[in-house]
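Below are the chains, spelled out letter by letter.
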Amino acid sequence: MNKPTVIIGAGLTGLTTAFHLVKQGKNVLVLEKNDLIGGQIQTIEKDGFIFETGPNTGTVSNPEVAELFYAMTPGCKMEIANSDAARRLIWKDNKFHALPSGLLGGITTHLFTWHDKFRILGEPFHQKGSNPDETVGALAARRLGKSFLDYAVNPFISGIYAGNPMTLVTRYALPKLYNLEQNYGSFIRGAFAKAREPKSDRDKLATKKIFSVEGGLSHLIEALADTIGKEKIVLSADAIKINHHENEWNIDYNTKEGQQSLTAERIITTVGAHALSALLPFVEKSEIDKIACLRYAPIVQVSVGVKNIGGRDFNAFGGLIPACERKDILGILYPAACFRGRAPEGGMLFSFFIGGINKSYLTELSDIEIENIVVREFHKMLGFPANIEPDLIHIARHSYAIPQYEKDTGERLAAVERLQKRYCRLVIAGNLRDGISMADRIKQGASLVI
Ligand SMILES: Cc1cc2nc3c(=O)[nH]c(=O)nc-3n(C[C@H](O)[C@H](O)[C@H](O)COP(=O)(O)OP(=O)(O)OC[C@H]3O[C@@H](n4cnc5c(N)ncnc54)[C@H](O)[C@@H]3O)c2cc1C
């Protein structure tokens with residue numbers, strides 16, 4: 001058979017890429033250093049709970065997501081989040097408040113000051129920004145006011161990036177928002193204009209709905225692997241080194257069976273930026289450093305299950321905590337309110353997020369210390385009385401959870417471009433570019449098929 005396209009990393013990006021290549025009849029081989037596939041996506045079933053240790057939900061933000069699920073085997077079904085649980089909560093003054101979704105809620109909410117509520121009426125008339133490297137925080141403060149920055153944008157950025165709005169650069173981190181202001185002069189005018197634009201049938205596939213997979217996200221990973229063929233995915237592939245010699249791609253790596261070598265037609269890396277220099281030893285340090293310096297927010301995710309919540313109401317997507325509220329928790333999701341079968345009947349599942357770019361030191365705490373924080377907030381923030389304790393606590397640590405698209409992004413993207421031009425048939429993909437969400441990863445995977 002012809003030489004394979006070798007994909008490094010069996011996370012969502014690597015597997016989606018391999019899936020599309022296989023569908024086109026291409027020869028592929030996926031090399032994964034861990035002994036299991038899925039990367040950050042891992043679903044666990046335990047004691048009647050089904051929980052995620054990485055991402056919980058995605059958004060159908062582009063057609064590629066819907067198209068991938070249409071192409072899946074019948075055993076893998078997208079599950080759209082229960083619309084009754086759509087409320088987003090924001091913590092302020094010791095309780096959760098619903099983030100307003102309409103005009104009346106916007107007027108009556110306690111989250112924002114009256115000054116900023118009036119100010120928002122003038123948003124369409126504010127001048128357009130001229131700094132291409134303006135941060136999300138600076139843009140929000142300029143157009144919306146400080147209380148919107150503190151109680152909407154800050155927790156929103158915390159929920160997506162576990163990041164700091166004052167360091168994330170808008171055109172890289174939230175390109176759609178950046179383009180609204182640049183193309184239409186205002187978020188509000190831009191949103192109305194966008195809603196009026198005609199949409200193709202394909203555009204309409206991007207429903208913006210929140211999704212998971214029936215039984216958990218790992219079912220998507222397994223379905224991708226089934227189509228690719230398990231024999232095309234090498235697990236525990238250690239110390240992978242890619243060599244470029246006389247326009248040929250040679251790869252050395254170790255497995256339990258010993259040292260392996262092969263020649264590849266094309267190389268696609270999908271690993272985090274920090275893992276690239278060891279993989280590509282032929283690239284000079286000064287160039288690879290421009291990519292490898294990408295900062296990642298560390299996160300500890302704690303799944304908390306309760307078998308009997310005593311009829312308490314947790315009908316919401318979850319709650320986020322603004323940095324100015326000074327809590328040890330970034331946010332709490334309520335996955336069992338959104339998706340079926342995630343907790344036993346009458347029970348509930350929560351996902352607590354700790355750490356992020358601003359409180360990375362919390363991710364260094366021991367399991368007992370993390371558990372103490374979570375149990376304390378389980379009682380304080382979720383309102384469980386002292387006689388109800390969690391039936392399940394599972395701690396998952398991610399040292400390189402979410403890349404931060406900060407002001408070094410331009411240099412990083414330029415370095416990626418240069419390397420891909422210099423070394424024919426090398427693709428440097430993964431979440432170091434093109435977006436951090438599952439939907440972005442699926443879109444990138446589909447785009448790498450040539
Ligand atoms: C806690 C958490 C919560 C998240 N929440 C959400 C969410 O709610 N919604 C959303 O859309 N996204 C979320 N994300 C982001 C989402 O998980 C990612 O976009 C996606 O899973 C990344 O997939 P990937 O394949 O690009 O990277 P990864 O999943 O990191 O896969 C990369 C793979 O490469 C392997 N690898 C690394 N180095 C090497 C090497 N040297 N040799 C061989 N293999 C190597 C790794 O082991 C891994 O399997 C979250 C992420 C985390 C960590």
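Residues numbered from 1 in each chain as written. Predicted model: local features only at pLDDT ≥ 70, side-chain atom pairs only at ≥ 80, totals over all residues. Heavy atoms only, no water.

**Quick notes on helix α6 (residues 146–161)**
- Of all the bends found along α6, the most pronounced is centred on Val153 and spans about 35°, while Pro155, a proline, follows it within four residues.
- Within α6, twelve of the 16 residues are buried, which leaves it mostly tucked inside the rest of the structure.
- Within the sequence span of α6, burial applies to Ser147, Phe148, Leu149, Asp150, Tyr151, Ala152, Val153, Asn154, Pro155, Ile157, Ser158 and Tyr161.
- One or two steps after α6, the chain reaches Ala162, where phi turns positive at roughly 45°. (Bend = angle between axes of the 7 residues up to and from the residue. Helix = DSSP H or I, 4+ residues; strand = E, 2+ residues; numbered from the N terminus. Buried < 20%, exposed > 50% of the residue type's maximum accessible area, 1.4 Å probe, protein only.)

**Looking at the packing of aromatic side chains**
- Here the structure, examined in full by the defined rule, presents 15 aromatic pairs.
- Connected via pairs of aromatic rings, a cluster forms that spans Phe314, Tyr334, Phe350, Phe378 and Phe384.
- The residue whose ring lies beneath Lys92 is Tyr151, and the NZ or CZ to ring-centre distance is 4.7 Å.
- It is Lys117 that lies over the ring of Trp114; its NZ or CZ is 4.1 Å from the centre. (Phe/Tyr/Trp six-rings, centres within 6.5 Å; stacked < 30°, edge-to-face > 60°. Lys NZ or Arg CZ within 6 Å of the ring centre and 35° of its normal.)

**So, the side chain of Gln444**
- Within the secondary structure, Gln444 sits in helix α16 (residues 438–447).
- If we ignore the near neighbours within four places in the chain, the residues touching Gln444 are Thr13, Ala429, Gly430, Arg433 and Asp434. (Contact = heavy atoms within 4.5 Å.)

**Here we look at the site of the ligand**
- Looking at the ligand, there are 31 residues lining it, with Thr13, Glu32, Thr57, Ile436 and Met438 nearest.
- Between the ligand and Thr57, the relevant distance is 2.6 Å, taken from a nitrogen atom to a main-chain nitrogen or oxygen of the residue.
- Note that an oxygen atom of the ligand is positioned 2.8 Å from one of the backbone N or O atoms of Met438.
- Look at the ligand: alone it shows 1,000 Å² of surface, and the protein chains cover 87% of it.
- The set of elements that each furnish at least two residues to the shell around the ligand consists of α1 (12–23), β19 (392–403) and α16. (Near = heavy atom within 4 Å. Polar contact = N/O pair within 3.5 Å; in protein donor to acceptor, adjacent residues only side chain to side chain. Areas by Shrake-Rupley, 256 points an atom, 1.4 Å probe, with all protein chains shown as cover.)

**Some remarks on the pattern of salt bridges**
- Scanning the model with the defined rule gives 27 salt bridges in all.
- Notably, a salt bridge pairs Glu79 with Arg340, separated by 3.8 Å at the nearest N-O pair. Pair noted here: Glu79 is in strand β6 (residues 78–80) and Arg340 is in the loop between α13 (335–338) and β18 (348–355), with a separation of 261 residues, a long-range link.
- By relative accessible area, which is 4% here, Glu79 ends up buried.
- According to the relative accessible area criterion, Arg340 is exposed, its value standing at 58%.
- The shortest N-O distance in the salt bridge between Arg143 and Glu181 comes to 2.6 Å. Separated by 38 residues along the polypeptide, Arg143 in helix α5 (residues 136–143) and Glu181 in helix α8 (residues 175–184) bring together distant segments of the chain. (Salt bridge = Lys/Arg side-chain N within 4 Å of Asp/Glu carboxyl O.)

**Examining the domain arrangement of the protein chain**
- Each domain of the protein chain was delimited in the assignment, giving domain 1 (5–42 + 59–77 + 214–292 + 405–447), domain 2 (112–203) and domain 3 (296–403).
- Computed from C-alpha atoms alone, the centre-to-centre distance between domain 1 and domain 2 is 32 Å.
- If you look at the interface, domain 1 gives eleven residues, while domain 2 gives nine residues.
- Taken together, the two surfaces of domain 1 and domain 2 that pack against each other cover about 870 Å², and 56% of this comes from carbon and sulfur. (Domains from an automatic or database assignment. Buried area = accessible area lost by both parts, 1.4 Å probe.)

**Remarks on the sheet that holds strand β9 (residues 210–213)**
- One open sheet holds the three strands; their spatial order is β5-β9-β6, and the pairing between them is antiparallel. On the outer flanks of this sheet lie β5 (58–59) and β6, each paired with one strand and no other.
- With three bridges joining them, β6 and β9 adopt antiparallel strand pairing. The residue of β9 that forms the bridge with Glu79 is Ser212. (Pairing = 2+ DSSP bridges.)

**Examining the sheet that holds strand β11 (residues 238–245)**
- Read across the open sheet, the three strands follow the order β11-β12-β13; overall the sheet is antiparallel. A single partner strand is all that each edge strand has here, and the edge strands are β11 and β13 (258–264). Taken over all neighbouring pairs, the strand axes of this sheet differ in orientation by 20° on average, direction set aside.
- Inspection of the sheet shows strand β12 (residues 248–255) paired to β13 by seven bridges, in the antiparallel sense. (Axes fitted to C-alpha atoms, helices over the stretch in contact; angles between N-to-C directions.)

**Some details on the nonpolar core**
- Ranked by internal contacts, the top residues of the largest apolar core, which has 66 residues, are Tyr334, Phe350, Phe352, Ile354, Phe378, Leu382 and Phe384.
- Here the element with the most residues in this core is α6; it accounts for seven residues.
- Two domains share this core, each providing at least three of its residues, namely domain 2 (112–203) and domain 3 (296–403).
- In this structure Phe378 touches Val304, Val306, Phe350, Phe352, Gly383, Phe384, Ile388, Glu389 and Pro390, once residues within four positions along its chain are discounted.
- The next biggest cluster of nonpolar side chains, apart from the first, holds 36 residues, and it includes Leu220, Ile228, Ala439 and Val449. (Core = buried A, V, L, I, M, F, W, Y, C linked by side-chain atoms within 4.5 Å.)

**Considerations on the side chain of Glu134**
- Tracing the backbone shows Glu134 in the loop between α4 (114–121) and α5.
- When near neighbours in sequence (up to four residues on either side) are disregarded, Glu134 contacts Leu139, Arg142, Leu168, Val169 and Thr170.

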